[in-house]
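Reading the structure
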Amino acid sequence: MIGAVLGLQFGDEGKGKISDFLSDKFQVEVRFNGGANAGHTVVANGEKYKFRLVPSGSLRCETVILGNGMVIDPLALIVEINNLMSSKCRAKIKISKLAHVVTPMHKELDKKEEEVRSKLSLGTTAQGIGPTYEDKYARSGIRMTDLQNLEILREKIEIIYRMKLNLLSGTEFSDAATRERIAQDLHRAGKELEPFLEYTESTIYDLYKQGKNILFEGAQGTMLDIDFGMYPFVTSSNALAGALSLGAGFPFRKVDYVIGVVKAYMSKVGAGPFPTEIHGEQADKLREFGDEYGTVTRRPRRVGWLDLPMLKYSIRMNDVDAIALTRLDTLGEMDKIRICTSYKKNGKELNYIPRSFQELEELELTFMEVESWGKLDPEILKKHDYHLLPQKMKDYIRIIENELRVPVEVLSLGEGRENTIVTQGSRLNSL
Ligand code: IMP
C-alpha cells in the first residue's frame, strides 16, 4: 500500500504519533516538505523521542527518506542522526541530493525578515525555512549535493550574501571569515552525510517496485500550506497531499490511501486568522490539559474548537480516505465542548473558506455544543475496544463522520503507541 499522512488543520495535529504508530505496517517512510520547523514527538516504550527532520517512523521502519522537497540544516541533521543511532533506530536513512540546505545565514535572514514585516510578522519558527525556499526558487540555493564541493559552496554563499546584502550587512555574516567558516562547516557536514545521499526519487521507486508499503509523511498542515492556507501566515512549502509527488518525486496516481490527521480540537502557533479560537480561562485550561506548547519553540499554542467547515475544505483538497482523530483524551477533560458547524456572511452560509483579511473579519460562525465524556478510565483504554469507549465520545466521533463523510479509522487516546485504536473496518487491518 502507498499511503500518506497529512495534517488537516494548522499543524501539530499529532502526525508524528500516527506515523510512528503506522511504522509497523509501512516499511518505508518518506518526508517531502518543510524542515526543522516541524517537531514531531513520539512516545514509544515509555520513552520520548523528538524528530525534526527524519521521518517519525524511524524507530521501526526499514528505510526512512528525506525527500527533495525538504530544506535541511545539515548540522542539525547530523545531531539528529547520531541521537537516533544511539537509540534503538535501525532504519536505513537516505537523504535526497536535491534537497536544499539551510545555512546559519538563512536563520539570520528569517529573523531579519520578521523584523521588516513588523505588524504583519508571522511568528515563524526562526529555522530559516522561508529564506531557504526563497533561494531555491531564486535558483541560487545550495543543494545537499553541493556540500561535497567546497568551491561551489563558497560561490553560492557569496551569491546569497550579495543578494541579501540589505538584510545581512552589519551582521556577523558581513565578515568574510564568517562566510568562509560556514562554507568549511557545511563541507565537513557534507562529508559526514555523503553515505546517506542519493537520488531518492529513484530509491523510492525501486522500493515501490519491490512491493514495499510506503508512507509519505507531510509536515505542517493544510492551513499552513503556502497556496491554500491562511496566507501570509503560512509556511513556505506546500503541505497538501499533492505536494508529495513533487517533494519526493513519486507519481501521485500511485497513492492509494490518504490519512488526514485531525486533532479533536484545534491549536495554532504563530500569528494569523484562527476562526474558532478560544480565549481566557477555557483556553488556559485546554492548553494546560493538552500541554499545548510548541515542540520546536515552546511557545504557548493558541487553542480553539473543532472547525468542521475548515475540515471539509482540507478533506476535499487532500482527497482524504480516512481520519486519524487525536487528543480525544485531552478534550474529554473540558466540562463543555463546542464544534463549529458553519461559516456565514450576512446570515448566509458560505461554501468556501475566506482567506482575505476583509472577509475573515466579516465571518460569522455557528456552533453546536456537545456533552463531555470526562476523563478516560485507564482500564477501558487497555482493552483497545472501540465499543467500550464512552458513548458521549462515540457521539462526538459520529458527528464528525456524518458531517465530513469520511470514516474515523484511527483514534488516539493518549500519547503512547499503545493508546491507539484502529476501527474494525479500516484498510489498515489488512496490512
Ligand atoms: P516557518 O515555517 O518557520 O516559516 O513558520 C511559518 C508559520 O508556520 C508560523 O506561524 C509557524 O508557527 C508555523 N509552523 C511552521 N511549522 C509548524 C509546525 O510544524 N507546526 C505548527 N506550526 C508550524
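Bear in mind the structure is a predicted one, so any value in this text is a computation, not a measurement.

What to know about the site of the ligand
- If you check the shell around the ligand, you find 15 residues, and the closest are D12, N37, T125, Q220 and T235.
- In this structure, Q220 approaches the ligand through a side-chain N or O atom, which is 3.1 Å from a nitrogen atom.
- Relative to its free-state accessible area of 470 Å², the ligand is covered by the protein chains to the extent of 97%.
- Of the residues assigned to the shell around the ligand, the class counts are six nonpolar, seven polar and two charged.
- Built from parts of two domains, the shell around the ligand gets at least three residues from each of domain 1 (2-75 + 202-430) and domain 2 (100-195).

Some remarks on the domain arrangement of the protein
- We note that the domain assignment places domain 1 (2-75 + 202-430) and domain 2 (100-195) within the protein.
- The gap between the C-alpha centroids of domain 1 and domain 2 is 31 Å.
- Contacts between the two partners involve 26 residues from domain 1 and, on the opposite side, 22 residues from domain 2.
- Between domain 1 and domain 2 the total buried area reaches about 1,700 Å² when both faces are included, carbon and sulfur atoms providing 64% of it.
- On inspection of domain 1 and its partner domain 2, the count reaches one salt bridge.
- Taking the shortest distance from any N to any O, the salt bridge between K107 and D73 comes out at 2.6 Å.
- Of the residues in the side of domain 1 that touches domain 2, the class split is twelve nonpolar, eleven polar and three charged.

Conventions we followed
Residues numbered from 1 in each chain as written. Predicted model: local features only at pLDDT ≥ 70, side-chain atom pairs only at ≥ 80, totals over all residues. Heavy atoms only, no water. Near = heavy atom within 4 Å. Polar contact = N/O pair within 3.5 Å; in protein donor to acceptor, adjacent residues only side chain to side chain. Areas by Shrake-Rupley, 256 points an atom, 1.4 Å probe, with all protein chains shown as cover. Nonpolar A, V, L, I, M, F, W, Y, C, P; charged D, E, K, R; others polar. Domains from an automatic or database assignment. Contact = heavy atoms within 4.5 Å. Buried area = accessible area lost by both parts, 1.4 Å probe. Salt bridge = Lys/Arg side-chain N within 4 Å of Asp/Glu carboxyl O.

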